[in-house]
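# Chain and residue survey
Next come the chains, spelled out residue by residue.
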Amino acid sequence: MSLSNSFSSTDNRAVTSQTPLLNLEFQKHVVEFTFPLPKEVEELTRDTGGFVFLSTICRVILKQLLGFRICSETLFDSLLECFLLEAYIGVLNWQTEHAAVVTQTHCFVWDYGGVDNFKQLFERETSIYKFKMPICDDDDILDDSNNHPKLPLVCIIPSNQHQKPGLLACSRRGEFRYWEDITRESVFEDHYSSLKVYLQEGDYGTHLACYETHQSSQDSCIIIFGSARSVLYRINISKTGMSSSSLSRSVGIMENFSSYLWLSSKYDTGEIITTTLGNRLENNLLSEVFVLMEKSLEKWAFGQARSVNKYVQGQDIYNNIIQEIYLSDSRIKKTDQVDLKLLDIEFTRNGELVILVSYFFGSNQNEIVENKNLSHALVILSTEEVQFSDAVIYKVDNIHRLKNQSNLSLGPQANLVMPNGGPAVFVVFSQAIIITTILEGSNYSNIVSLQDQTRDRIIGFCGEGSKSWHDRNIDRVSRLNILTAKTGIMTCKLNLMEIMDERDHTHDQMNLDNSQEMRDRELKRMLEQAVFNTSEKAGNDSVPVTNYISCEHDGDINSAAIEISDEIMNSRSQYLFDFIELKSQLNERCNKMSLLIQIIKFSNMLDKLYPSTRQHLFWNAEKMACALKLWEYYNSSLSLRGQTEESQRKLLVSAIRDYLKEREIQIKPNEDIVREIGFIFTYIEQVISEQEDSNLLIPEANNIILLSFEAAFNFRRTNKDLYVITSNCLKESWTFHPELLKVLYQQFEKTSDIIQDSDIQNDGEKIDSLKDQLVKLADILLGATSERLNCDDSITREDAQIYRNEWTTILKKLVRVGKSDDAFVLSETYEEYKILVDLIMSHGQNIDYYIKKYVNKYQENFEYPLYEWYVEKELYADLLSQSHAYEYKDSLQKFLNERNLNGISWMHDIYLNRYGEASIKLRHLARNQSRVNRNKTFLSMSKLSFLAELGDEIDLKNEDVQRNLDEIDNGFELLKAYSDLQEEFVSFLTSQRQYHDTKPKQVNAIMEGTAGNWKHHKPALSQIYEKQVIKILDGEIIPTSELVEVMTLADKKMENAFPFALQFTLNDNKISEDHRRTILQTIWRRIYLNDNWEILLDTSNISDEELNEHIKSTFVYIALEIVNRSVTGIPLNQWFYPPAEAFFSSTIEQFHKWFPLLSEEQIKSLIEDYLKENDDLKHYIDNYHLDKYVEYALGLLDLKSKFG
């Protein structure tokens, strides 16, 4: 690709020879390409990549291995260069238009100015000069931020009139070299002046700067050298050579006194970070110089004469700034720790100082060390004069926190550039620039970042008048030059006039409306430039910078994204390349669709997109992906003219033509029908039906349909998470066209029919191709159906269910044509394990092999449908007799247990010798039987199984054994009660003189004989009693509550009827607790009412022995004695209710819950009968001293204390 395509103007995609190459252009800021890297420098930066940490290791190893045999430092450096992967930095000088790249051993300098047009820029050969750098002797000096050996400090010295600029370099240990001019002759080793500044032990240089005064000459510059231990030197250059002077911080008496009063006479200076010039003093003979250290700020006055250097003051500003950060940043809690770093300083045109800082904060030191919550801010310092002194007090006037995209990692290190003292502010990071201003009332902020975050970085920068004196007039456009490791030199411009005009009109409503429209247009333009200036892969054809869109931008992201997407879809975007080849054009549009959503995501604006917008972008991109695949296929078919019929080649074209004709659609120049792709496939069937030999077109139609659907599904699988697309969103896709399922199904059926056609059976290749298409059609049909079944539209789901019902048939057809493995795979893919089981069983071949394969692969997901297949077909014996029943016995057992298939499960347990589990299940089966004889059968088998589990040695003292035996015996007692009742009723009938030949007559006779005393008095209870009599005669099991009614209401009670009724109620775990309480109250109420208490009204003639015997003969005593003996472990107060607590108290709502089949009237009638029993019980309590004798019975049984 040509260079003009790499850095194209976003306005017309063409570059004239007189205009800059625009990388980004917006209303307020522009980024232009200025100068490429010279070839030699480009090779250097490309090879090293900017990330080098091996230089120290190489040097140490070389010295250890060769140090005693190296005869000279020159030889050592030569060896070092062979092994050293160099780190590098860049230097730019605005005034001289020179650039440099500095490594540990050399400095490469070139002139980037004086280019009239861009054709000359790329055609001319750039002269580059290579200067050898002074090298540190102490190689253990490391850069704290980058962890590589500190590079030499370099600055470009302004030239005398009509001469080349000079170059000054120094090692970190203070060895200086100065070349008077940058020419070819100067690169020789003996063409430089040298100087040695002797630093203290362990000290090293941290800062070197050259500031121009009002004269542009080398001997009038202020050159400052600072060290890690805060020592400041002034370097002097003259025609006779170089010299240095260490600067003293001594002050006069008054200055020291005021410093003591107002400032801090002792403060932590720390490492010298940077310097900047301030105002001119004393008729321009002196210049203010501000020195920024790790925790403090110093002010000096430098004269033009080298000896005039005056220390003015120093102040600790670190703690003051931290205090203000606590107050200004609402995210920071009072308990948080703040780690602050002073980074850079500038002197503004209005006399303020601006300090760039970075800070971390967190609740503990670990959070700070992990670089969480990193922020950058501009700290504005104002001054307060000190009386009788040149010194001032610096106070924090404002803190302007810089905005950053949360997904853009800037790192803690940065530099501050304010061309000509502001108000424009450029904060330069290694891979991005924050552009903002310090204008009051303006909140403008933007981020420009390098596109290639892995291989490119900013290594140098400069701005006109940065850290120098400033004109009083504000620039209309503020400029910053940057040097990048991969691209070269670029210029970033900020239009200050636009920003100030917008600020000044913010209170005008009309302008507010216009401003919103302007912001919408700006946002769209930012998106367009990010999309169309970005390659999908950051490479040589990618624009080197991109503009990060702030998530706080208040333009309409939804309308901007939709407009751009539609313009790409319809080929109407002015930024699309004019490709002659359609494939390239479609590919370009696909890439731009992809970049659009990626850039929105990277800008943290995805959450601002409406769901409808996301879907719109997604479906446009999906259509483009399908169109690209279709064109690739159609283009390849054109090359097979001699091998295919014309009707086959033109099938797609014919379908499109019919569609356009029927819809009366006119396609404009440079447009296509990508947006209509979903409708075209319905017309393929129409074209096929019009052909005489339709079978000829079926394979071609399959190819077209399959390609499109596969492209759509692949795109969907890959990108749905990025667009946050759910199954409910898919109904807007072209694949959800109402007729497409029908088209797919018809194609499947027609293809299946062709395969069965005897005329083509001899064409093996064609048959195989059709079978492959049949498998793919089935896959697409199942996938499309599955998606529709998951959407929220009921009509769509109903239509899809029609085809879902055909899945088994569809897959069986695959099995029939020899594609059984594919059918199995499709069942797996769509997790239709029930169908998979059905296919395996119907296939009838290698059943055990497939069962073992899929059981091992899917375990319960396959096993359960397999077992259900047997259960549904009632093939219980086959299920339990198959080899897999024993091989996978545990999973089968789990299945049977979870499905509550105890009727089968107990047999499997016995087969596996699990007699104890079988016994428990048989007991459950017994309880659920509706007839007495079946209950007895299962209960008997339960007892036999339990005894088989115990074996020959039965330990009756074992609590668990006894509990199980008691449970089984209780079941038999219940069955005996049914038998006794049935026998009693039958005996009664046989004892009658009259023969009752019908069931109703028999029941009437039983009612007269066993309920004659009360049936007319309690009609509702009489009806219940009568119904249960019928069931008992038929050998049915009845609910416990009804059984209790029969046992306790009969005129003549069976032996121990009341104790049995109590035990049955306590043992029935199907009864709710409130219902159990009501039944127990009923039993005890009837116990009290059935005893003869009249004979105890007068006990004066009865002895104690006689009284005891009479109490022991009562139903109360017998029930208490028997139940207390049999229900061990149940407290007395849970089954015994004294007379005062035996009253009926249940509600209508409870009866509705217990007896849902009874009507409201039946329940009310039933409650009336129970209330009659309450009246009788109250009469007994009031007149027969019932409480007294019940308590007497408790005493005889020693139960009074238990009841308490």
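For clarity, every value in this text was computed on a predicted model and none was experimentally measured. (Residues numbered from 1 in each chain as written. Predicted model: local features only at pLDDT ≥ 70, side-chain atom pairs only at ≥ 80, totals over all residues. Heavy atoms only, no water.)

Attention shifts here to the overall build of the protein chain. When helices and strands are counted, the protein chain shows 43 helices and 30 strands. Considering the protein chain as a whole, with its 1204 residues, one finds that 52% of them fall into the buried category. Looking at the protein chain alone, contacts between residues at least 24 apart form 63% of all its contacts between residues at least 6 apart. As presented, the protein chain carries roughly 57,800 Å² of accessible surface, and 47% of it is formed by carbon and sulfur atoms. (Helix = DSSP H or I, 4+ residues; strand = E, 2+ residues; numbered from the N terminus. Buried < 20%, exposed > 50% of the residue type's maximum accessible area, 1.4 Å probe, protein only. Contact = heavy atoms within 4.5 Å. Areas by Shrake-Rupley, 256 points an atom, 1.4 Å probe, with all protein chains shown as cover.)

Turning our eyes to something else, we now look at the confidence of the model for the protein chain. Per-residue pLDDT for the protein chain has a mean of 78; in total, 78% of the residues score no lower than 70. Mean pLDDT across the elements of the protein chain ranges from a minimum in helix H1 (residues 3–6), with 27, to a maximum in strand S23 (residues 415–417), with 94. In this model residues 49–63 is a low-confidence stretch, pLDDT under 50, and it forms 34 contacts with partners more than four residues away in sequence or in other chains. (pLDDT = per-residue confidence, 0-100.)

Another point: the side chain of threonine 206. By the element assignment, threonine 206 lies in strand S11 (residues 205–211). Exposure remark for threonine 206: the relative accessible area of 13% places this residue in the buried category. Only 2.6 Å separates the side chain of threonine 206 from the backbone oxygen of isoleucine 272, close enough to count as a polar contact. Not counting chain neighbours up to four residues away, the residues in contact with threonine 206 comprise Leu153, Arg172, Gly226, Ser227, Ala228, Glu271 and Ile272. (Polar contact = N/O pair within 3.5 Å; in protein donor to acceptor, adjacent residues only side chain to side chain.)

Attention shifts here to the sheet that holds strand S17 (residues 296–303). Spatially, the four strands line up as an open sheet ordered S15-S16-S17-S18, and their pairing is antiparallel. Edge positions in the sheet fall to strand S15 (272–281) and strand S18 (309–316), since each has one partner strand and no second. Taking the axes of each pair of neighbouring strands and ignoring which way they run, one obtains an average angle of 20 degrees across the sheet. Bridging between S17 and S18 involves seven bridges; their strand directions are antiparallel. (Pairing = 2+ DSSP bridges. Axes fitted to C-alpha atoms, helices over the stretch in contact; angles between N-to-C directions.)

Sizing a probe to match a water molecule and rolling it over the atoms shows the empty space that remains. One number sums up the size of the second largest pocket: a volume of about 920 Å³. Contributing to the lining of the second largest pocket are 30 residues, with Arg927, Leu974, Thr1040, Asp1068 and Lys1070 lying nearest its centre. The set of elements that each furnish at least two residues to the lining of the second largest pocket consists of helix H30 (915–927), helix H31 (932–950), helix H32 (959–991), helix H35 (1040–1049), helix H36 (1057–1067) and helix H37 (1073–1090). For the lining of the second largest pocket, the element with the most residues is H32, which contributes five residues. When the residues that make up the lining of the second largest pocket are grouped by side-chain class, the tally is 13 nonpolar, nine polar and eight charged. Residue assignment places the lining of the second largest pocket across two domains, with domain 4 (901–978) and domain 5 (994–1201) each supplying three or more. (1 Å grid on protein atoms, 1.4 Å probe; cavity = no way out; pocket = protein on both sides within 12 Å on 5 of 7 lines; lining within 4 Å. Points joined across faces, edges and corners; volume = space filled by probe spheres on them. Nonpolar A, V, L, I, M, F, W, Y, C, P; charged D, E, K, R; others polar. Domains from an automatic or database assignment.)

Overall, the coordinates contain 36 aromatic pairs when judged by the stated rule. In textbook terms, an aromatic cluster arises when at least three aromatic residues are bridged by ring pairs, as seen for Phe824, Tyr833, Tyr849, Tyr850, Tyr854, Tyr858 and Phe862. Here lysine 295 stacks its cationic end above the ring of tyrosine 318, 4.9 Å away from the centre of that ring. If you follow arginine 923 out to its NZ or CZ, it ends over the ring of phenylalanine 946, 5.9 Å from the centre. (Phe/Tyr/Trp six-rings, centres within 6.5 Å; stacked < 30°, edge-to-face > 60°. Lys NZ or Arg CZ within 6 Å of the ring centre and 35° of its normal.)

What follows deals with the sheet that holds strand S7 (residues 153–157). Sheet architecture is open: four strands sit in the order S7-S8-S9-S10, paired in antiparallel fashion. Edge strands, defined here as strands with exactly one partner in the open sheet, are S7 and strand S10 (193–196). Taken over all neighbouring pairs, the strand axes of this sheet differ in orientation by 15 degrees on average, direction set aside. Of the strand pairs in this sheet, S7 and strand S8 (residues 166–170) are connected by five bridges, and their pairing is antiparallel. Residue pairing across strands places valine 154 opposite alanine 169, the latter belonging to S8.

Next up on the list: the pairing of strand S5 (residues 106–111). Across the six residues that make up S5, a large majority, five, are buried. Note: S5 against strand S6 (residues 128–132), five bridges, orientation antiparallel. Bridge pairing in S6 links tryptophan 110 to isoleucine 128.

In an α-helix, one full turn covers 3.6 residues, which means residues spaced three or four apart are oriented alike. The end-to-end C-alpha distance of H37 is 26 Å, a good match for the 26 Å that 18 residues give at a rise of 1.5 Å each. Of all the 18 residues making up H37, 14 are buried; the element is thus mostly covered by neighbouring parts of the structure. (Expected span 1.5 Å × (residues − 1).)

This part covers a negative patch on the surface. Taken together, the side chains of Asp1104, Glu1105, Glu1106 and Glu1109 define an acidic patch exposed on the protein surface. On the secondary structure map, glutamate 1106 appears in helix H38 (residues 1104–1112). A residue is classified by how much of its surface remains accessible, and glutamate 1106, at 47% relative accessible area, is partly exposed. (Patch = residues over 30% accessible without salt bridge, like charges linked within 9 Å, V, L, I, M, F, W, Y side chains within 5 Å. Salt bridge = Lys/Arg side-chain N within 4 Å of Asp/Glu carboxyl O. Lys, Arg positive; Asp, Glu negative; His and termini not counted. Charge placed at Lys NZ, Arg CZ, Asp CG, Glu CD.)

Of note, the amide linkage connecting glycine 422 to proline 423 takes the cis form, showing an omega dihedral of 10 degrees. Even without a glycine there, the phi angle at glutamate 97 is positive, about 55 degrees. In this fold, glutamate 97 is placed in the loop between strand S3 (89–93) and strand S4 (98–102). The partly exposed category is assigned to glutamate 97, whose relative accessible area is 36%.

Right, let's talk about the packing of H36 against helix H39 (residues 1115–1126) for a bit. For the pair H36 and H39, interaxial distance at closest approach is 8 Å and the crossing angle is 40 degrees. Comparing their axes, H39 and H36 come out oblique. The way H36 lies across H39 gives a crossing that is right-handed. On the side of H36, the interface is formed by Phe1058, Pro1059, Leu1062, Gln1063 and Leu1066, while H39 contributes Phe1115, Ile1118, Ala1119, Ile1122, Val1123 and Ser1126. Classifying every residue of the contact of H36 with H39 gives nine nonpolar, two polar and no charged. (Parallel < 35°, antiparallel > 145°, perpendicular 65-115°, else oblique. Left-handed = near helix turned anticlockwise from the far one by under 90°.)

The tendency in soluble globular proteins is for nonpolar side chains to be buried as a group. By size, the foremost hydrophobic cluster in this structure holds 72 residues, and its most contacted members are Leu814 and Phe862. Excluding residues that lie within four positions of it along the chain, leucine 814 makes contacts with Phe748, Leu774, Val775, Ala778, Lys819, Ser820, Ala823 and Leu826. (Core = buried A, V, L, I, M, F, W, Y, C linked by side-chain atoms within 4.5 Å.)

It is worth spelling out the pattern of salt bridges at this point. What the rule picks out here adds up to 32 salt bridges. The salt bridge involving arginine 716 is made with glutamate 622; its shortest N-O contact spans 2.8 Å. Placement of arginine 716 in helix H17 (residues 698–723) and of glutamate 622 in helix H13 (residues 611–638) is noted, with a sequence separation of 94 residues between them. For the residue pair arginine 716 and glutamate 622, the accessibility class agrees, reading buried in each case. Salt-bridge contacts for lysine 1172 lead to aspartate 1169; the nearest nitrogen and oxygen are separated by 3.8 Å. A residue pair is termed a helical-turn pair when its members lie 3 or 4 positions apart in one helix, as lysine 1172 and aspartate 1169 do in helix H41 (residues 1160–1183) at three residues.

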